[in-house]
Amino acid sequence: KHMRFLLLFSRQGKLRLQKWFTPITEREKKKIIRDMTTLVLARQPRSCNFLQWKDLKIIYKRYASLYFCLAVENQENELLALEVIHRYVELLDKYFGNVCELDIIFNFEKAYFILDEFLMGGEIQETSKQMVNRCIEASDMLQEVRYPPTPRPVLPVAQL
Amino acid sequence: MRCLLSFFVCVWQNMPAPIRLRELIRTIRTARTQAEEREMIQKECAAIRSSFREEDNTYRCRNVAKLLYMHMLGYPAHFGQLECLKLIASQKFTDKRIGYLGAMLLLDERQDVHLLMTNCIKNDLNHSTQYVQGLALCTLGCMGSSEMCRDLAGEVEKLLKTSNSYLRKKAALCAVHVIRKVPELMEMFLPATKNLLSEKNHGVLHTSVVLLTEMCERSPDMLAHFRKLVPQLVRILKNLIMSGYSPEHDVSGISDPFLQVRILRLLRILGKGDDDSSEAMNDILAQVATNTETSKNVGNAILYETVLTIMDIKSESGLRVLAINILGRFLLNNDKNIRYVALTSLLKTVQTDHNAVQRHRSTIVDCLKDLDVSIKRRAMELSFALVNGNNIRGMMKELLYFLDSCDPEFKADCASGVFLAAEKYAPSKRWHIDTIMRVLTTAGSYVRDDSVPNLIQLITNSVEMHAYTVQRLYKALLDDISQQPLVQVASWCIGEYGDLLISGQCEEEEPIQVTEDEVLDVLEGLLVSNLSSPVTRGYSLTAIMKLSTRFSSVNRIKKVVSIYGSSIDVELQQRAVEYNALFKKYDHMRPALLERMPIMEKTASNGPTEIVQTNGEAEPSVVEPKHLPPVGQPASQGNDLLDLLGGNDVPVIPTTMPTKPASAGGELLDLLGDLSLGGPAPAPPAPASQPPFLLDGLSSQPLFNDIAAAGIPPMTAYNKNGLKIDFTFERANPNPNVAVITIHASNSTEADMTDFVFQAAVPKTFQLQLLSPSSNVVPALNQGTVTQVIRVLNQQKQQLRMRIKLTYIHKGSAVQDLAEVNNFPPQSWQ
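Parameters at a glance
Residues numbered from 1 in each chain as written. Chains lettered and ligands numbered in written order. Predicted model: local features only at pLDDT ≥ 70, side-chain atom pairs only at ≥ 80, totals over all residues. Heavy atoms only, no water. Helix = DSSP H or I, 4+ residues; strand = E, 2+ residues; numbered from the N terminus. Buried < 20%, exposed > 50% of the residue type's maximum accessible area, 1.4 Å probe, protein only. Contact = heavy atoms within 4.5 Å. Areas by Shrake-Rupley, 256 points an atom, 1.4 Å probe, with all protein chains shown as cover. Buried area = accessible area lost by both parts, 1.4 Å probe. Salt bridge = Lys/Arg side-chain N within 4 Å of Asp/Glu carboxyl O. Polar contact = N/O pair within 3.5 Å; in protein donor to acceptor, adjacent residues only side chain to side chain. Pairing = 2+ DSSP bridges. Axes fitted to C-alpha atoms, helices over the stretch in contact; angles between N-to-C directions. Patch = residues over 30% accessible without salt bridge, like charges linked within 9 Å, V, L, I, M, F, W, Y side chains within 5 Å. Lys, Arg positive; Asp, Glu negative; His and termini not counted. Charge placed at Lys NZ, Arg CZ, Asp CG, Glu CD. Phe/Tyr/Trp six-rings, centres within 6.5 Å; stacked < 30°, edge-to-face > 60°. Arc of directions from axis to C-beta. Expected span 1.5 Å × (residues − 1). Parallel < 35°, antiparallel > 145°, perpendicular 65-115°, else oblique. Left-handed = near helix turned anticlockwise from the far one by under 90°. pLDDT = per-residue confidence, 0-100. Disulfide = S-S within 2.5 Å.

Regarding the overall build of chain A
Turning to step 1, where the next piece is worked out: Secondary structure assignment for chain A yields five helices and seven strands.
Turning to step 2, where the next piece is worked out: Going from N to C terminus, chain A has its helices and strands arranged as β-β-α-β-β-β-α-α-α-β-β-α.
Turning to step 3, where the next piece is worked out: Buried residues in chain A amount to 61% of all 160 residues.
Turning to step 4, where the next piece is worked out: Look at the contacts in chain A between residues 6 or more apart in sequence, and 51% of them connect residues 24 or more apart.
Turning to step 5, where the next piece is worked out: Accessible surface computed for chain A: about 6,700 Å², of which carbon and sulfur atoms make up 55%.

Here's the deal with the overall build of chain B
Turning to step 1, where the next piece is worked out: In terms of regular secondary structure, chain B is built from 34 helices and 12 strands.
Turning to step 2, where the next piece is worked out: Within chain B, the proportion of its 830 residues that are buried is 57%.
Turning to step 3, where the next piece is worked out: Considering only residue pairs separated by 6 or more positions, chain B has 68% of its internal contacts joining residues 24 or more positions apart.
Turning to step 4, where the next piece is worked out: Carbon and sulfur atoms provide 51% of the accessible area of chain B, an area that totals close to 35,300 Å².

Things to note about the interface of chain B and chain A
Turning to step 1, where the next piece is worked out: Taken together, the contact between chain B and chain A spans 69 residues of the former and 69 residues of the latter.
Turning to step 2, where the next piece is worked out: Carbon and sulfur atoms supply 56% of the area buried between chain B and chain A, which totals about 6,400 Å² over both sides.
Turning to step 3, where the next piece is worked out: For the interface between chain B and chain A, the tally reads nine salt bridges.
Turning to step 4, where the next piece is worked out: Arg-134 of chain A serves as the salt-bridge partner of Glu-248 of chain B, at 3.5 Å between the closest nitrogen and oxygen.
Turning to step 5, where the next piece is worked out: On the surface where chain B and chain A come into contact, there are 26 residue pairs in polar contact (both at pLDDT 80 or more).

Concerning the sheet that holds strand E5 (residues 66–73) of chain A
Residue and element names in this part refer to chain A.
Turning to step 1, where the next piece is worked out: Judged by pairing direction, the sheet is antiparallel, and its five strands sit side by side in the order E2-E1-E5-E4-E3 without closing on themselves. Whereas interior strands pair on both sides, the edge strands pair on one side only; in this sheet they are strand E2 (15–20) and strand E3 (50–53). Along the sheet, successive strands turn relative to each other by an average axial angle of 20°, direction set aside.
Turning to step 2, where the next piece is worked out: For E3 and strand E4 (residues 56–63), the ladder comprises four bridges, and the chain directions are antiparallel.

Things to note about the environment of Lys-797 of chain B
Turning to step 1, where the next piece is worked out: Among the structural elements, Lys-797 of chain B can be located in the loop between strand E10 (786–793) and strand E11 (802–810).
Turning to step 2, where the next piece is worked out: On a C-alpha basis, the gap between Lys-797 of chain B and Asn-737 of chain B in space is 7.6 Å, while along the polypeptide they are 60 residues apart.

What to know about unusual backbone geometry
Turning to step 1, where the next piece is worked out: Despite not being glycine, Lys-54 of chain A shows a phi value in the positive range, around 50°.
Turning to step 2, where the next piece is worked out: Mapped onto the elements of the fold, Lys-54 of chain A is located in the loop between E3 and E4.
Turning to step 3, where the next piece is worked out: Even without being a glycine, Leu-781 of chain B presents a positive backbone phi close to 50°.
Turning to step 4, where the next piece is worked out: Residue position: Leu-781 of chain B is located in the loop between strand E9 (767–770) and E10.

Quick look at a negative patch on the surface
Turning to step 1, where the next piece is worked out: Where like charges cluster on the molecular surface, the negative patch consists of Asp-276, Glu-279, Asp-283 and Glu-316 of chain B.
Turning to step 2, where the next piece is worked out: Relative to the helices and strands, Glu-316 of chain B is located in the loop between helix H16 (297–312) and helix H17 (317–331).

Overview of the sheet that holds strand E8 (residues 753–761) of chain B
Residue and element names in this part refer to chain B.
Turning to step 1, where the next piece is worked out: The three strands lie next to each other as E8-E11-E12, forming an open sheet whose pairing is antiparallel. Looking along the sheet, the strands with just one partner apiece sit at the ends: E8 and strand E12 (813–821). Neighbouring strand axes in the sheet, compared pairwise and without regard to direction, differ in orientation by 15° on average.
Turning to step 2, where the next piece is worked out: As defined by bridge partners, E8 adjoins E11 across seven bridges and the pair is classed as antiparallel.

Here we look at the packing of aromatic side chains
Residue and element names in this part refer to chain A.
Turning to step 1, where the next piece is worked out: Counted by the stated rule, this structure contains 14 aromatic pairs over all chains.
Turning to step 2, where the next piece is worked out: The interplanar angle of 25° and the centroid separation of 5.9 Å between the aromatic rings of Phe-9 and Tyr-67 together place this pair among those described as stacked. Of this pair, Phe-9 sits in strand E1 (residues 3–10) while Tyr-67 is found in strand E5, placing the two residues 58 residues apart along the sequence. Here the two residues Phe-9 and Tyr-67 agree in accessibility, since each one is buried.

Overview of the pattern of salt bridges
All names here are of chain B.
Turning to step 1, where the next piece is worked out: According to the stated counting rule, one finds 59 salt bridges over all chains in the structure shown.
Turning to step 2, where the next piece is worked out: As a salt-bridge pair, Asp-434 and Arg-430 come within 3.1 Å of each other at their nearest N and O atoms. With Asp-434 and Arg-430 both in helix H24 (residues 429–443), this residue pair falls four residues apart, about one helical turn.
Turning to step 3, where the next piece is worked out: Here Arg-430 falls in the partly exposed class, since its relative accessible area comes to 28%.

Structural notes on helix H30 (residues 554–564) of chain B
Residues and elements named next belong to chain B.
Turning to step 1, where the next piece is worked out: When we look at burial in H30, the residues that qualify are Val-554, Ile-557, Val-560, Val-561 and Tyr-564. Taken end-on, H30 shows its buried residues confined to a sector of 125°, consistent with a single buried face. Exposed side of H30, more than 90 degrees from the buried face: Asn-555, Lys-559 and Ile-563 are the residues found there.
Turning to step 2, where the next piece is worked out: Contacts from the buried residues of H30 go to helix H28 (516–528), helix H29 (534–546) and helix H31 (570–584).

Details of H24 of chain B
Residues and elements named next belong to chain B.
Turning to step 1, where the next piece is worked out: For H24, with 15 residues, the first-to-last C-alpha span of 21 Å sits near the 21 Å given by 1.5 Å per residue.
Turning to step 2, where the next piece is worked out: Within the span of H24, buried status applies to Trp-431, His-432, Ile-433, Thr-435, Ile-436, Met-437, Val-439, Leu-440 and Ala-443.
Turning to step 3, where the next piece is worked out: Here the buried face of H24 lies against helix H22 (392–405), helix H23 (408–425), helix H25 (451–461), helix H26 (466–479) and helix H27 (484–502).

A few points about the packing of helix H2 (residues 21–29) of chain B against helix H4 (residues 60–72) of chain B
All names here are of chain B.
Turning to step 1, where the next piece is worked out: Between H2 and H4, the least distance of the axes is 9 Å, while the angle of their chain directions is 30°. Compared by their axis directions, H2 and H4 come out roughly parallel. Our pair here, H2 against H4, has a crossing hand that is right-handed. Facing Leu-21, Leu-24, Ile-25, Ile-28 and Arg-29 of H2, the residues of H4 in contact are Arg-62, Ala-65, Lys-66, Tyr-69 and Met-70.

What to know about the confidence of the model for chain B
Residues and elements named next belong to chain B.
Turning to step 1, where the next piece is worked out: Residues at a pLDDT of 70 or more form 84% of chain B, whose mean pLDDT is 82.
Turning to step 2, where the next piece is worked out: Residue range residues 604–710 is modelled with pLDDT below 50. Its contacts to residues more than four positions away, or to other chains, number 189 contacts.
Turning to step 3, where the next piece is worked out: For this predicted complex, the interface confidence reaches an ipTM of 0.93, while the overall pTM sits at 0.68.

Observations concerning the side chain of Arg-60 of chain B
Residue and element names in this part refer to chain B.
Turning to step 1, where the next piece is worked out: Inspection of the secondary structure puts Arg-60 in helix H4.
Turning to step 2, where the next piece is worked out: Judged by relative accessible area, Arg-60 falls into the buried class, the value being 7%.
Turning to step 3, where the next piece is worked out: Polar contacts involving the side chain of Arg-60 include one to the side chain of Glu-83, which spans 2.9 Å.
Turning to step 4, where the next piece is worked out: The residues touching Arg-60, leaving out its near neighbours within four places in the chain, are Phe-52, Glu-55, Glu-83, Lys-86 and Leu-87.

Some details on the state of the cysteines
All names here are of chain B.
Turning to step 1, where the next piece is worked out: All told, the structure shown has zero disulfides over all chains when counted by the stated rule.
Turning to step 2, where the next piece is worked out: You can see Cys-174 has no disulfide; the closest cysteine sulfur is in Cys-149, sitting 6.9 Å from it.
Turning to step 3, where the next piece is worked out: Here Cys-174 falls in the buried class, since its relative accessible area comes to 0%.

Now the structure itself:
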């Protein structure tokens, strides 16, 4: 419960991943998502990565076109929270190879699987990078229907 | 066979296989409008729904995955909840994986459905494949309800003791969740914690430390029990710091920072309030504090946690200073995040380690100029916390500069902070007034509403600064009338001290030359300006009215007041009408009513005083009015007068003092006991012990209703040695038992009578209230009269008698006289 939620969203505010570590109603989730996207997207470029929201600390960081937004309780170590976010990005990067937003859009369930090997119940579960990746790969092998990470789709230029 | 059959069925029904997840994502992303997207989604949802109805096992997994994608886009997906349960129950790992994910996203403990998971989870906790067990542990540990936790705690406890480190680490965090949900179950996990810290596996170590932390935080017994782990924790931490490079756990040259921080946090909890434990960890803390690499965020994260731990446990002072110095260095770091964190921590420690934090004051003050809003706010809060009697001048300079240039979101808080600090530590009254002026002129529109009455009280009580204050405020008004709090305070002051303004009495600076007309021009300008709020207009009108007793341009003021008698603004209209009435019918009362305000007592609660709008005259009232004491005052308080009346137990109600204290005033105090300095007639609501009649006609009703001037003839009460005192009468409305007597004192001799004081006493059955006199100088040769109002309650309708005492100074000698007044006209008391 030390971490309350983790959201990933694009620069346009489109949600790419939502992990909630406490039980909340759908309506509350929607409100929080709205609040977070508004607050974070409004931040000046060279501001610090922390802001106070209600009784929680929000730690956010932008990686390429994705914002990672982690809410922690007030007594948490914000600097370490930045490391948590960074570790998750590293794990995604290891798995997808030069991860970008499209990977997470098309393979969102994998992003969740990786997260669920790294964090659990609002706490860090595994501190070794290699362990997490090994487990995911082993689990992937167990799947009866294999969905390797979809290579980045090539969209006709017109449709963009 | 079944697959073939469903294939034929599909072909017969011309139903294609549900589209693949990635295909759907691609399709939806081509939608150009929200409406187009919604249409696609609805179409797909319909297909998924019918597929669910078909009980299609093959594609259930694919369909649920698609549903989860659409759910992320914000569309409802509740019809997929049961399907998740079916997936969880499936034998296929692919199904389970999506099923558990779906359960975590779509289900929570609010749904009854989720309880159906319990059996599946129980089975999967005992599965032969560790990854299936892992899924179950993860789901339980993330969203298990209290009932589920109760049911499955035993399974979790079993897994906590397994040798499989993959499962053990998950079981530890699952146990944490169980304890959070069902605290009574904590005990059952105690045995399993025995060897947790001997693990080599970092995952298990980390989650074990989390579990131990949770237990210690929840139970003092557990905390005491686990204190013995301190040496082991210290050893593990030491190994992490000293160990060489470990590729598995390395982050920028630091070995497993996550684990280090968690251990530091557990040490904090164990060391708090305990001397032995604190001592045992002293060395390692010093080591971490001095050896950790600070070039990257990760090192600073560990330092930060170390500082927090040092500050919380019973560390020796050298260590504490080291910690604060680390924070001080953080303040100078280029990285904003680190500066922010430093300021937050310093704010927490500023109370306990005030002197140590003071040493970094200049760095903190520099942070006021930071570009980052969060840092600025923290720096501002911390700066205010650091202000004391020694640094007030320097600090206030910085803070006022900050106030000038900061964002509007800060101005209100900063202004309030400046006022508070100034009040506590002002080195001189002049400085205090100057500081207030600075705030009002630079951030005047952001100042909180409650500041206005507070400032008025402060100014009133700074008696020697009145002339200076009103002059500065007047000059400020000439520059700018847009900032309402400034304008309100200024109007009030000009109304109060306008006489000082035009007399050019200022000592502190060069007195300005200004005429009555110029002052009235400014005040009238406020009345008509679009910039003035209704409240401000009220202030200016009242100020103008007050000047009628301080200026000589009474006619001009009368004109203004009468114009506003027909103002559209109801508040303004009411005031103007009442002031008009004051001019026309109750002119003798006007001086008393509009007199200079006395020093206000600060209330016990020290809270803001309220402005009580009584009878159109805004006047600050104190919460505990200290006006007239209750009627049942012990007789000993009215010594001499009682003697005079032959020992009759006559309640004596003290008079209200003229605010220009005369030497006779001292005597009066002696005679009549503790007097409080009362204000002019409109008194604030009195406490219950006050006789009600005193407020009759003085509450929310306008003071001057049309009193039936009952035609009671006036009388001469006293006439001796050139001093003549006449009484005129009215009946107060609405209480006909109250007679309102106005005394008119005149002096026919060639010399003035100064320090004139009139006192009165009445028999027991009456009650008397004496209001302030218009002045205490009775001018010679009948050039003017001193008037004073007496209110007498005569509930028993007895014949009115009065004993009066007069004191004054005439031609250099003090004169005192007593007299009985018995010739009251019957109409005055019948």
